[in-house]
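Each chain, written out:
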Amino acid sequence: MLRLLASGCARGPGPGVGVRPAAGLCHPGRRQSRQASDAPRNQPPSPEFVARPVGVCSMMRLPVQTSPEGLDAAFIGVPLDTGTSNRPGARFGPRRIREESVMLRTVNPSTGALPFQSLMVADLGDVNVNLYNLQDSCRRIQEAYEKIVAAGCIPLTLGGDHTITYPILQAMAKKHGPVGLLHVDAHTDTIDKALGEKLYHGAPFRRCVDEGLLDCKRVVQIGIRGSSTTLDPYRYNRSQGFRVVLAEDCWMKSLVPLMGEVRQQMGGKPIYISFDIDALDPAYAPGTGTPEIAGLTPSQALEIIRGCQGLNVVGCDLVEVSPPYDLSGNTALLAANLLFEMLCALPKVTTV
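Residues numbered from 1 in each chain as written. Predicted model: local features only at pLDDT ≥ 70, side-chain atom pairs only at ≥ 80, totals over all residues. Heavy atoms only, no water.

Visitor: Give a description of the overall build of the chain that names residues and reports values.
Guide: In terms of regular secondary structure, the chain is built from 9 helices and 11 strands. For the chain, the proportion of its 352 residues judged to be buried stands at 59%. In the chain, of all internal contacts separated by at least 6 residues, the share reaching a separation of at least 24 is 79%. Total accessible area on the chain is roughly 14,200 Å²; 53% of this is exposed by carbon and sulfur atoms. (Helix = DSSP H or I, 4+ residues; strand = E, 2+ residues; numbered from the N terminus. Buried < 20%, exposed > 50% of the residue type's maximum accessible area, 1.4 Å probe, protein only. Contact = heavy atoms within 4.5 Å. Areas by Shrake-Rupley, 256 points an atom, 1.4 Å probe, with all protein chains shown as cover.)

Visitor: Provide a residue-level description of the packing of aromatic side chains, including the pertinent values.
Guide: Tallied over the full model, the rule gives 0 aromatic pairs. The lysine or arginine in question, Arg87, covers the ring of Tyr325, its NZ or CZ lying 4.0 Å from the ring centre. Here Arg206 stacks its cationic end above the ring of Tyr236, 3.8 Å away from the centre of that ring. (Phe/Tyr/Trp six-rings, centres within 6.5 Å; stacked < 30°, edge-to-face > 60°. Lys NZ or Arg CZ within 6 Å of the ring centre and 35° of its normal.)

Visitor: Can you lay out the environment of His201 for me, pointing to particular residues and giving the numbers?
Guide: Here His201 shows up in the loop between strand 6 (179–184) and helix 5 (204–210). Classification of His201 by relative accessible area gives buried; the value is 6%. Remark: the alpha-carbon pair of His201 and Asp81, spanning 120 residues in sequence, is separated by 8.6 Å. Each residue touching His201, except ones within four places of it in the same chain, is listed here: Gly83, Thr84, Ser85, Asp161, His162, Thr163, Asp189, Thr290 and Glu320. A polar contact is formed between the side chain of His201 and the side chain of Glu320, at a distance of 2.8 Å. (Polar contact = N/O pair within 3.5 Å; in protein donor to acceptor, adjacent residues only side chain to side chain.)

Visitor: For the UniProt feature "binding site: Mn(2+)" (unreviewed entry) in the chain, give the residues involved together with the corresponding values.
Guide: Here the UniProt-annotated "binding site: Mn(2+)" (unreviewed entry) positions come out as His162, Asp185, His187, Asp189, Asp276 and Asp278. Spanning 117 residues, the annotated positions come together in the fold, the maximum distance between their C-alpha atoms being 12.2 Å. In this structure His162 comes out as buried when scored by relative accessible area, which is 0%. His162 has contacts with His183, Asp185, Asp189, His201, Pro204, Phe205, Ser274, Asp276, Asp317, Val319 and Glu320, leaving out every residue within four places of it along the chain. Looking at the element boundaries, Asp185 is found in the loop between strand 6 and helix 5. Excluding residues that lie within four positions of it along the chain, Asp185 makes contacts with His162, Ile222, Gly223, Ile224, Asp276, Asp278 and Ala279. Of note is the side chain of Asp185, whose polar atom sits 3.2 Å from the side chain of His162. (UniProt positions renumbered as here; feature names shortened; annotations may be inferred.)

Put into structure tokens, the structure is as follows:
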């Protein structure tokens, strides 16, 4: 059985706050049942009681579990960059995103979302990938996510290069059938092969199409840009029924109207969100492996994710953060905030 390797146990929030203790490594052998609606839920500790540098590093300093049982949603790291075609380092992305997530708090005043009052959330640690074998890593990822999804837990993934979305969607399709996809990226990631290989971070959605994992009439790609080897690099995508929204079509405008169209297109069927940090302009997110100039802004990223509120989101990922190329940590900080926004957009989250 594939194990998720939890990195430690987050500390509680301090006096006066009802929060469940961490499971997994903190309480070996303890299994969680589905949370009763009136019982206290996990919450990030308040800086009023616990200093931000205190505690073992987990996403938002949440408790760490080794089992998805009893969780409505969970953060999971996939520290893999074996499929990278340019600058490596995304294997360190999950750890750095967790480090920068200490600034995040419990509610979203902008959207009114109350994720930790609505859902039982924890950090499931990292998938134990095989850095020396990409095919084996994909197998391990798929098996891990099949268990997470089967438990009724919505995964929010910290990547890792974009190869990881392929085995995740294999697991998603096993439960939900072909899913819709909101793909935010500088690149379409539908190249058939490179250097003779069909499995790498430029090809995950080509492989998904090959295996029938996507509902192609409900696939939208936003932020696409960059030079190419052909004058019509998006022919394959559009021939499959994808909607391709180029970055230049997003310049200097709000994306709220676009997301209204996306919500209509997606309907009430399951949708997966895959967000490559290189969708953003490298002025905001330089810590990535394949940067492209003239990308989206952080505010547009927020409009995209917040525009998914009300959709049947069954999973999300944030990939391609490469910390060695941004020693300031700003790219990982941005990634942590976008993952929090994804959590806030999940179907069962109460808004006020």
